[in-house]
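# Analysis of the macromolecular model
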Amino acid sequence: MGRGGPCVPRAQECGRSAGLYPAHVPTCLQVRAVSGNGASVSGGDGEYDYDLFTIGAGSGGVRASRFAASTYGIKAGVCELPFGRVASDTVGGAGGTCVLRGCVPKKLMVFGGEFAEAFRDSVAFGWDAERPGLTWQRFMENKNKELERLNGVYMKLLEGSKVDFHEGRGRVVDAHTVEVDGRRFTARNILVAVGGRPTVPPIEGAEHAIISDQILNLDALPGKIAIVGGGYIALEFAGIYNNFGTEVHVLWRQAKPLRGFDEEIRDFVNEQYRVRGLNLYPQASPTRIVKGPDGKLTVHADVKDGEPVVLEGLDHVLMATGRKPNTHNLGLEEAGVELVEKTGAIKVDRFSRTNVPSIWAIGDVTNRLNLTPVALMEGMAFARHVFGGDPNAAPDHQAVASAVFSSPPIATVGLTEALAVEQYGSVDIYSSSFRPMKNTISGNPAKAMMKLVVAADSDKVVGVHMAGPECAEIMQGFAVAVKMGVTKAQLDTVVGIHPTSAEEFVTMREPARRIRSEKKQPVGTGGNAYGTHTA
Ligand code: NDP
């Protein structure tokens, strides 16, 4: 979706092309009476207060509510906790995780860190700017101002779509009733879109660790940190803080990071993180965090088949050890809504409906494919199905592209090589690793890697993977092609744009290898690179 990422709202539904990052609130908004404490709401269809009441004003909840209200003219209400940068049972904010403590602030920090590499690289291009100073507080203040602005934009977008906003913690009372801090609202349909929360392993001293909400909001640039985990969040913050000049140590419990991604990409990222000077500890599981009298932390970790690791003098330990659905204390079990026992996720059918017919759920709380644009898709499909009368409107979780904004970034759509071999048996692999043109003159040792996975029998391109500069921007276009069923022969007819890295995707002529084996599972299963997160 371009410069700001998919979770930044557009204000076009009121007939104004406000652009991706509207600098001001659209003027055509009409403010609907919003209930405060004790205020009443006018009836939806007479039987219920609302046609739709949504718990959670994150990306998915806002999109579903305002799309349903503005497109189908239904009466909608949404509840959300008061704004804050670190989430808790009493703090949240319109915009949710992605906007306030996820994708948006993270990407701003990625941009911030990337200047360091640009300054270093610029020297060989004749600039004398190797290491200018950094005023961390100014950066944090500007980032925070932007988040507050976006929170306001989300509120205005709800108002503009005539969705009532109720501040407070929502709880399901029964199949048609929601309670928000003591106020009760009835609704024909209830949508649960409360997202997820970070999980922290219960090791000794875990209370000294921080989570992603907090690493986005440090008062000072840390000198030395440890990051536990080898997933999206761990790699992103490892890259960000390494770029800012922090000494970064990353511990993951697998042999390689990014379980579920293509093996070649995993190897490549592992190697590139070392090239960039990060301290990596594979197969390491932390056992203890100790806080010293000087406030510095020490992490102790066991290493499979190796010596234990002890990391001392740490300013922070970030636990980036996964997230789980935020379903506790929501009244769901009491209302008869079935949850997945292991994860606490809400069980839904392909239309996002729970086992209680009037209660629906979208986004990370359903733990299908935990990405903001997927929550938006689920919200739109829900509205079309329930209020637009389209019996077939269901989200499509196949071939969803995603990116990890690590350094180098990674972007991927479709199947990994391993999944493609399982599903198709006969697979051709095209891959290329090279030094981007900019790095030749700068002396920057970082490389890029690209890979196509082709089902040999049909010639269809079933997986596209890249790690290297601009890969997220490049991948969006290839995601369209893969979704449309592009073949390798069709890619071969495309003329490249020169000189770019992207042209490599249409100029790889000879397969690196041809794999011929038996299919192990039917085509159509596990259609995303991050197979463990596939619906
Ligand atoms: P991930 O599931 O990506 O990674 C979790 C990591 O923590 C894995 O390496 C996992 O290891 C490890 N881990 C889990 N439990 C423990 C433990 N007890 N001890 C040590 N290590 C442990 O989760 P994240 O927290 O990084 O991100 C959460 C989700 O948020 C992602 O799955 C993604 O869907 C979404 N997200 C998307 C982003 C994007 O689109 N760019 C950015 C950030 C988040 P193992 O592999 O062994 O299980």
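The residue numbers shown here count from 1 along each chain, following its written sequence. Local features in this predicted model are restricted to residues of pLDDT 70 or higher, and side-chain atom pairs are both shown and tallied only at a pLDDT of 80 or more, whereas totals for entire chains, interfaces and linings draw on every residue. Note that water and hydrogens are dropped before the side-chain values are worked out from all heavy atoms of the structure.

All right, on to the overall build of the protein then. Tallying secondary structure elements over the protein gives 12 helices and 22 strands in all. Put simply, the protein has 535 residues, and 54% of those count as buried. The contact rule is simple, with two residues in contact once any of their heavy atoms fall within 4.5 Å. Of the contacts formed within the protein by residues at least 6 apart in sequence, a portion of 64% connects residues at least 24 apart. Areas reported here follow the Shrake-Rupley algorithm with a probe of radius 1.4 Å; residue values treat only the protein chains shown as occluding. Just so you have it, the protein exposes about 22,900 Å², and 51% of that area is on carbon and sulfur atoms. Secondary structure elements follow DSSP: runs of H or I no shorter than four residues count as helices, runs of E no shorter than two count as strands, and numbering proceeds from the N terminus. Think of it in three bands: with a 1.4 Å probe and only protein chains considered, a residue is buried below 20% of the maximum accessible area for its type, exposed above 50%, and partly exposed in between.

We now examine the UniProt feature "binding site: NAD(+)" (unreviewed entry) in the protein. UniProt positions are given in the numbering used here, feature names are shortened, and annotations may be inferred rather than shown by experiment. Per the UniProt annotation, the sites labelled "binding site: NAD(+)" (unreviewed entry) are Gly 229, Gly 230, Gly 231, Tyr 232, Ile 233, Ala 234, Leu 235, Glu 236 and Gly 322. The largest pairwise C-alpha distance within this set of annotated residues, which runs over 94 residues, is 13.3 Å, so the set is compact in three dimensions. Residue placement: Ala 234 occurs in helix α6 (residues 232-244). Judged by relative accessible area, which is 1%, Ala 234 ranks as buried. Discounting residues that sit within four places of it in the chain, Ala 234 has contacts with Ile 227, Gly 229 and Ala 320. As for its position among the elements, Glu 236 is in helix α6. Each residue touching Glu 236, except ones within four places of it in the same chain, is listed here: Lys 106, Ala 403, Val 404, Phe 405 and Ser 406. Definition of a polar contact: a pair of N or O atoms within 3.5 Å, with one able to donate and the other able to accept a hydrogen when the atoms are protein atoms, and with sequence-neighbouring residues admitted only if both atoms are side-chain atoms. A polar side-chain atom of Glu 236 sits 2.9 Å from a polar atom in the side chain of Lys 106.

A few words now on the packing of helix α3 (residues 103-122) against α6. Axis definition: a line fitted to C-alpha atoms, over the contacting stretch in the case of helices. Angles run 0 to 180 degrees between N-to-C directions. In contact at an axis separation of 7 Å, α3 and α6 are set at 35° when each is read in the N-to-C sense. Handedness of the crossing formed by α3 with α6: left-handed. Listed contacts from α6 to Lys 106, Met 109, Val 110, Gly 112, Gly 113, Glu 114 and Ala 116 of α3 are Glu 236, Phe 237, Ile 240, Tyr 241, Asn 243 and Phe 244. Taken together, the residues of the contact of α3 with α6 break down into seven nonpolar, three polar and three charged. What makes a crossing left-handed is the near helix being turned counterclockwise from the far one by less than a right angle; a clockwise turn instead makes it right-handed. Polarity classes work like this: nonpolar for Ala, Val, Leu, Ile, Met, Phe, Trp, Tyr, Cys and Pro, charged for Asp, Glu, Lys and Arg, and polar for all others, with Gly in that last group.

Moving on, we come to the nonpolar core. To define a nonpolar core, start from buried Ala, Val, Leu, Ile, Met, Phe, Trp, Tyr and Cys residues and group those joined through side-chain atoms within 4.5 Å. Formed by 40 residues in total, the largest nonpolar core has its most connected members in Met 109, Ile 227, Phe 237 and Tyr 241. Mapped onto this core, the elements with two or more residues apiece are α3, α4 (136-160), β8 (224-228), α6, β9 (247-251) and α7 (263-275). The leading source of residues in this core is α6, at eight residues. What Phe 237 contacts, discounting residues up to four positions off in sequence, is Lys 106, Met 109, Ser 212, Ile 215, Leu 216, Ile 227 and Leu 318.

Let's shift gears to the environment of Thr 90. Structurally, Thr 90 can be placed in the loop between β2 (76-80) and α2 (96-101). Taking the C-alpha atoms as reference points, Thr 90 and Glu 80, separated by 10 residues in sequence, lie 9.6 Å from one another. Not counting chain neighbours up to four residues away, the residues in contact with Thr 90 comprise Leu 81 and Pro 82.

It is worth spelling out the layout of surface pockets at this point. Method remark: on a 1 Å grid restricted to protein atoms, a set of points is classed as a cavity if a 1.4 Å probe fits but cannot get out and as a pocket if it is open with protein on both sides within 12 Å along at least five of seven lines; lining residues have an atom within 4 Å of a point. Grid points are joined across faces, edges and corners, and a volume is the space filled by probe spheres set on the points. Quantified by volume, the second largest pocket comes out at close to 860 Å³. Lining the second largest pocket are 36 residues; nearest its centre among them are Glu 114, Lys 438, Gly 468, Pro 469 and Glu 470. Mapped onto the lining of the second largest pocket, the elements with two or more residues apiece are α3, α10 (437-442) and α11 (471-483). Residues that form the lining of the second largest pocket fall into these classes: 15 nonpolar, nine polar and 12 charged.

This part is about α11. For a helix, the expected span equals 1.5 Å multiplied by the residue count minus one. The terminal C-alpha atoms of α11 lie 18 Å apart, and with 13 residues this matches the ideal 18 Å at 1.5 Å per residue to within 8%. Bend at a residue means the angle formed by two fitted axes: the first through the 7 residues ending at that position, the second through the 7 residues beginning there. Of all the bends in α11, the largest measures some 25° and sits at Gly 477. Turning to α11, its buried residues are Cys 471, Ile 474, Met 475, Phe 478, Ala 479 and Val 482. Among the structural elements, β18 (410-414), β21 (460-467) and α12 (488-492) are those in contact with the buried residues of α11. One or two steps after α11, the chain reaches Gly 485, where phi turns positive at roughly 85°.

Once that is clear, we can look at the sheet that holds strand β17 (residues 402-404). On the basis of which strands lie adjacent, the open sheet formed by six strands has the order β17-β18-β21-β20-β19-β22 and antiparallel pairing. The two strands at the open ends of the sheet, each matched to only one other strand, are β17 and β22 (513-516). Taken pair by pair, the neighbouring strands of this sheet meet at an average axis angle of 15°, ignoring direction. Strands are treated as partners if at least two bridges between them are detected by DSSP. Relative to β22, strand β19 (residues 426-434) runs antiparallel, the two sharing four bridges. Along β22, the bridge assignment pairs Ser 426 with Arg 516. In the packing of α7 onto the sheet, contacts are made with β18, β19, β20 (448-455), β21 and β22, and the angle to β20 comes to roughly 175°.

A separate point is the side chain of Ser 358. Locating Ser 358 in the fold gives a position in the loop between β15 (323-325) and β16 (359-361). Exposure remark for Ser 358: the relative accessible area of 7% places this residue in the buried category. Among the polar contacts listed, one links the side chain of Ser 358 to the backbone oxygen of Ala 175, at a separation of 2.6 Å. Setting aside its immediate chain neighbours within four residues, Ser 358 contacts Ala 175, His 176, Arg 188, Asn 189 and Ile 190.

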